[in-house]
There are 2 protein chains.
Amino acid sequence: MADVAKRAGVSTMTVSRALRSGTAISQETRKKIVAAADDLGYVIDATASGFASGKTGFVAMTIPSIDNANFADTVRGVTDGLREYNLQLLLGYTNYDIAEEERLIEGMLGHRPDAVIVTGGAHTDRCRHLLSSYGAPIVETWDLPAKPLQHVVGFSNNEAGRLMADHLYDQGYRRIAFIGGDVKRDTRGADRRRGFEARLVELGLDNDRIISATQPPTMMHEAAQAFDALIDRWPDTDAVMCVSDLAAFGALSAAYKHGFDVPKNIAIAGFGAYDVSAFASPEITTIDVKAAAIGRQAAMLIRESLGSSIEDQTRQIRQTAVDIVIRASTAKPREN
Amino acid sequence: MADVAKRAGVSTMTVSRALRSGTAISQETRKKIVAAADDLGYVIDATASGFASGKTGFVAMTIPSIDNANFADTVRGVTDGLREYNLQLLLGYTNYDIAEEERLIEGMLGHRPDAVIVTGGAHTDRCRHLLSSYGAPIVETWDLPAKPLQHVVGFSNNEAGRLMADHLYDQGYRRIAFIGGDVKRDTRGADRRRGFEARLVELGLDNDRIISATQPPTMMHEAAQAFDALIDRWPDTDAVMCVSDLAAFGALSAAYKHGFDVPKNIAIAGFGAYDVSAFASPEITTIDVKAAAIGRQAAMLIRESLGSSIEDQTRQIRQTAVDIVIRASTAKPREN
DNA sequence: TTGAAAGCGTTACCAT
DNA sequence: ATGGTAACGCTTTCAA
């Protein structure tokens, strides 16, 4: 920076101002300085800058899995919402493990992010403590936690499960199952399952056809195996909701191998509105949670929080939309 | 840190040493200091640490798209390979746009990463300049660039295309097409296409059945449309390679809508060994490039580079495996 | 609109 | 094995 200042014939302080926005400086001085910086290939050192100003320009974010179109969409929403504010995303994935989340968060907080976005409302006690005492905006997403840390942008996974139970019931299905992951790890998937089960009971149906023998993420392979186990144990099952569309696609694949017609012999539904569910044969009924919009809203919340003084901070709880997308895979009820 | 030092009855310098590894300090002093730090909830400030030491602990990485299982696998490989070294990944996605890559890289370099990983060998001139003059290990992945910036971990996309052309020819297909993205943006997909075309010509076939009307990433929807266009223009096409498995799945879906049997009426092949290709009906022939291994090798290269003095740095070019995975979607040749 | 000086929290270096 | 001191490159604050 001193070199740039010398070349432009000004002080380092003026260079510092010229290279930021929202600072008082004359147009021609700035132009001169920017030219000098370009000549020298100078890029401002965000490390030193953050160190001096206390604003690092980082937003830390954790997601359960990087290889998941839903969370990827939320990340995209955040990135898009933050792009023009020169904020750099610090991304980590927890592998659906809150102990790993704690480790990640601890490492990320060392880099002093200006805000933090986490997925879900389940955290270790230590992680909750780290976050709540950190002193920067925190946003929990993809859930409506009973005890929010601070801001929330999410939806009720329980409601999503109930929505699908209602739909399958309305279509005439009565022997309804669920394929999903480990309750301890994918807490949101577990919430969907609980809502689904609870609604089945309210509708007067059994809720014991639950196959959850797999670790999350429940992918195609695990779901195909789970489907085999389901049919083995309850051969008369006439509909199944899967914890995600990927699982539903795996189940669909297994159903073909059993010689089943979907939905004539069995209905299959998913969750998440992945591309694959729209292009499967038959197309798979699913639930769309507008993952990118969750990210955009989280980014908006952060911008507002960073823009206002600490006294103005009010906790924001924003519930996002959950839409059922009805397709052929649950379209034809059997005669009962 | 001063508080911790006071509480433990030592100097800040000793605290600094106690909280790092590989520093000379007595066991009991360290124990005392760690206890004091825990009591105070003290976490070292990586910003100041990086500022003082010149080592930030960041590894910057750019990928074309976050929502792509192949690149996600590479990211996972990098993360896993770096985890125990306390390196934090700074991830950005370019959306297959080298101008966006330049912007991203510039922003990331401001945070002074200890190493940089990029996807592919196509960069803007300015980006090449920024990277080559940056003074830290650089790894290009997923390609074998003609003019590498420094280290490379990748494979020949051209060869991958040729491999599939050979397979389809061997199976007896003769009227072979390609569905892929914009040559300007997905340069690796374009290389696959070029190798594919070139091999078709060597085998004495036409190479004009190329549909590339879409912007990358060529996803299911675009590929389905492209398939329609292909059949409209060249109804007698008997095989098609798609730029990725996602595209292949979209094409498969379109083929069903045309009433085609795959592979009896037309063979469909993909690239990337995505889960979806293994669970589609029929299962889709693809090419496995071991995406996670690319990431692990890149991480290994970086660890070695960071561990050795600058004089010992020799450029490493590591070619990775490319395996064809033959499945039912290309299994049954037609009579010619 | 510009400049000078102080200081951000840590580590490198040298001394003990 | 431990401590003192300078320095990292920038921004904040205050003054001109």
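Reading the values: the criteria
- Residues numbered from 1 in each chain as written.
- Chains lettered and ligands numbered in written order.
- Predicted model: local features only at pLDDT ≥ 70, side-chain atom pairs only at ≥ 80, totals over all residues.
- Heavy atoms only, no water.
- Least-squares fit on C-alpha atoms with pLDDT ≥ 70 in both.
- Contact = heavy atoms within 4.5 Å.
- Near = heavy atom within 4 Å.
- Polar contact = N/O pair within 3.5 Å; in protein donor to acceptor, adjacent residues only side chain to side chain.
- Helix = DSSP H or I, 4+ residues; strand = E, 2+ residues; numbered from the N terminus.
- Buried area = accessible area lost by both parts, 1.4 Å probe.
- Salt bridge = Lys/Arg side-chain N within 4 Å of Asp/Glu carboxyl O.
- Nonpolar A, V, L, I, M, F, W, Y, C, P; charged D, E, K, R; others polar.
- Buried < 20%, exposed > 50% of the residue type's maximum accessible area, 1.4 Å probe, protein only.
- Axes fitted to C-alpha atoms, helices over the stretch in contact; angles between N-to-C directions.
- Parallel < 35°, antiparallel > 145°, perpendicular 65-115°, else oblique.
- Left-handed = near helix turned anticlockwise from the far one by under 90°.
- Pairing = 2+ DSSP bridges.
- Patch = residues over 30% accessible without salt bridge, like charges linked within 9 Å, V, L, I, M, F, W, Y side chains within 5 Å.
- Areas by Shrake-Rupley, 256 points an atom, 1.4 Å probe, with all protein chains shown as cover.
- Arc of directions from axis to C-beta.
- Core = buried A, V, L, I, M, F, W, Y, C linked by side-chain atoms within 4.5 Å.
- Domains from an automatic or database assignment.

Draft legend 1. Geometry of the relation of the copies chain A and chain B. For these two chains of identical sequence, chain A goes onto chain B by a turn of 180 degrees and a shift of 0.0 Å along the axis, with RMSD 0.1 Å. The relationship between the two copies is best expressed as a two-fold rotation axis. A share of 100% of interface residues in chain A that are also interface residues in chain B marks the association as one of identical surfaces.

Draft legend 2. Structural context of the protein's contact with DNA strand C. In the region of DNA strand C, 23 residues are neighbours, and Thr14, Arg17 and Thr29 of chain A together with Ser16 and Tyr42 of chain B sit closest. A share of 59% is what sugar and phosphate atoms reach among the atoms of DNA strand C within 4 Å of the protein. In the model, a base nitrogen of DNA strand C is placed 2.7 Å from a nitrogen or oxygen of the arginine 17 of chain A side chain. Residue aspartate 45 of chain B places a main-chain N or O atom 3.4 Å away from a phosphate oxygen belonging to DNA strand C. Mapped onto the surface near DNA strand C, the elements with two or more residues apiece are α2 (12-18) and α4 (46-53) of chain A together with α2 (12-18) and α4 (46-53) of chain B. Element by element, the count of residues in the surface near DNA strand C is highest for α4 of chain B, at 5 residues.

Draft legend 3. Inspection of the interface of chain A and chain B at higher detail. At the interface, 46 residues of chain A touch 47 residues of chain B. Of the roughly 4,000 Å² buried between chain A and chain B on both sides combined, carbon and sulfur atoms contribute 61%. Together, Ile66, Tyr93 and Phe279 of chain A form the three largest contributors to the area buried by chain A at its contact with chain B, with a combined 16%. At the surface where chain A touches chain B, the tally comes to 6 salt bridges. Between arginine 83 of chain B and glutamate 100 of chain A there is a salt bridge whose closest N-O contact spans 3.1 Å. Between the two partners, chain A and chain B, sit 6 residue pairs in polar contact (both at pLDDT 80 or more). Of the residues assigned to the side of chain A that touches chain B, the class counts are 23 nonpolar, 11 polar and 12 charged.

Draft legend 4. Layout of the protein's contact with DNA strand D. Lining the immediate environment of DNA strand D, one finds 23 residues, of which Ser16 and Tyr42 of chain A together with Thr14, Arg17 and Thr29 of chain B sit closest. If you look at DNA strand D and keep only atoms within 4 Å of the protein, 57% of those are sugar or phosphate atoms. In the environment of DNA strand D, a phosphate oxygen lies 3.5 Å from a nitrogen or oxygen atom belonging to the side chain of serine 49 of chain A. Elements represented by at least two residues in the surface near DNA strand D include exactly α2 and α4 of chain A together with α2 and α4 of chain B. At 5 residues, α4 of chain A tops the list of elements feeding residues into the surface near DNA strand D. Looking at the surface near DNA strand D residue by residue, the classes come out as 13 nonpolar, 7 polar and 3 charged.

Draft legend 5. Inspection of the pattern of salt bridges at higher detail. Residues and elements named next belong to chain A. Enumeration according to the criterion identifies 37 salt bridges over all chains in this entry. As a salt-bridge pair, glutamate 202 and arginine 162 come within 2.3 Å of each other at their nearest N and O atoms. Here glutamate 202 is found in helix α9 (residues 187-202), whereas its partner arginine 162 is found in helix α8 (residues 157-170), with 40 residues between them in sequence. Assessed through its relative accessible area of 18%, arginine 162 is described here as buried.

Draft legend 6. View of the packing of helix α6 (residues 98-109) of chain B against helix α7 (residues 125-132) of chain B. Residue and element names in this part refer to chain B. One way to put it is that α6 packs onto α7 with a least axis distance of 9 Å and a crossing angle of 25 degrees. One element, α6, and the other, α7, form an angle in the roughly parallel class. For the pair α6 and α7, the crossing hand works out as left-handed. Mapping the contact onto sequence places Glu101, Glu102, Ile105, Glu106 and Leu109 in α6 and Arg126, Cys127, Leu130 and Leu131 in α7. Looking at the contact of α6 with α7, its residues break down into 5 nonpolar, no polar and 4 charged.

Draft legend 7. Examining the sheet that holds strand β1 (residues 58-63) of chain A more closely. Residue and element names in this part refer to chain A. If you walk across this open sheet you meet the 6 strands as β2-β1-β3-β4-β5-β11, and the pairing is parallel. Here the strands that pair on one side only, and so sit at the sheet edges, are β2 (88-93) and β11 (317-319). Pairs of neighbouring strands in the sheet enclose a mean axial angle of 15 degrees, with direction left out of account. Pairing of strand β4 (residues 138-141) with strand β5 (residues 151-154) involves 3 bridges; the strand directions are parallel. Across the sheet, residue glutamate 140 finds its bridge partner in β5, namely valine 152. Sitting on the sheet, helix α5 (residues 69-82) is in contact with β1, β2 and β3 (115-119), with an inclination near 170 degrees to β1.

Draft legend 8. Structural detail: a nonpolar patch on the surface. All names here are of chain B. A cluster of nonpolar side chains, contributed by Met1, Leu19, Val34 and Ile44, occupies part of the molecular surface with about 260 Å² of accessible area. Mapped onto the fold, methionine 1 is located in the segment before α1 (2-8). By relative accessible area, which is 32% here, methionine 1 ends up partly exposed.

Draft legend 9. Structural context of α4 of chain B. All buried positions along α4 of chain B are accounted for by Ala46, Thr47 and Gly50 of chain B. Seen along its axis, α4 of chain B keeps its buried residues to an arc of 105 degrees; they face one direction. Where α4 of chain B is buried, its residues meet α4 of chain A. Between the side-chain oxygen at the start of α4 of chain B and the backbone nitrogen of threonine 47 of chain B there is a gap of 2.8 Å, and the oxygen is on aspartate 45 of chain B. Positive backbone phi, at 80 degrees, marks glycine 54 of chain B, one or two positions downstream of α4 of chain B.

Draft legend 10. Just the nonpolar core, in detail. In this structure, Phe227, Phe249 and Ile268 of chain A together with Phe227, Phe249 and Ile268 of chain B are the most contacted members of the largest nonpolar core, which totals 154 residues. Among the nonpolar cores identified, the runner-up in size contains 31 residues, and Ala60, Val116 and Ala136 of chain A together with Cys127 of chain B belong to it.

Draft legend 11. Examining the domain arrangement of chain A more closely. Under the domain assignment, chain A is made up of domain 1 (2-44), domain 2 (53-155 + 291-305) and domain 3 (157-288 + 324-331). If you average the C-alpha positions of domain 1 of chain A and of domain 2 of chain A, the two centres end up 34 Å apart.

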